[in-house]
Amino acid sequence: MISYEPFWDYLDWHEISTYTLINKHHISSSTINRLRHNLPISTATIDKLCEILKCPVDDIIIHLDNEQKG
């Protein structure tokens, strides 16, 4: 399972709001919602987030195996 928990941690650590992502960087609110619920997003969106946040992919996503899902 893909988890976007690192994304939320990154936003908190760098004090970046979803409001900023939506209004300044034009990330859709539906994408934010998909991230919030660990639903699939495209690799193009992941790439765009990495460019905006100036971070590597592993600062946004993590793969959890069945034992780690909890």
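Residues numbered from 1 in each chain as written. Predicted model: local features only at pLDDT ≥ 70, side-chain atom pairs only at ≥ 80, totals over all residues. Heavy atoms only, no water.

Participant: Hey, could you go over the environment of Ser42 for me, with residue numbers and the actual values?
Facilitator: Assignment of secondary structure puts Ser42 in the loop between helix 3 (29-36) and helix 4 (43-53). Separated by 18 residues in the primary sequence, Ser42 and Lys24 have C-alpha atoms spaced 20 Å apart. Polar side-chain contacts of Ser42 include one of 2.9 Å to the side chain of Thr45. (Helix = DSSP H or I, 4+ residues; strand = E, 2+ residues; numbered from the N terminus. Polar contact = N/O pair within 3.5 Å; in protein donor to acceptor, adjacent residues only side chain to side chain.)

Participant: Tell me what's going on with the packing of aromatic side chains, and back it up with residues and numbers.
Facilitator: What the rule picks out here adds up to 1 aromatic pair. Geometrically, the ring pair formed by Phe7 and Trp8 is edge-to-face, given 4.9 Å between the ring centres and 75 degrees between the ring planes. The pair formed by Phe7 and Trp8 is uniform in burial state, with each residue classed as buried. (Phe/Tyr/Trp six-rings, centres within 6.5 Å; stacked < 30°, edge-to-face > 60°. Buried < 20%, exposed > 50% of the residue type's maximum accessible area, 1.4 Å probe, protein only.)

Participant: Please set out the side chain of Ser3 residue by residue, giving values where relevant.
Facilitator: Of note, Ser3 is situated in strand 1 (residues 2-3). Polar contacts involving the side chain of Ser3 include one to the main-chain amide nitrogen of Glu5, which spans 3.2 Å.

By themselves these figures say nothing about function.
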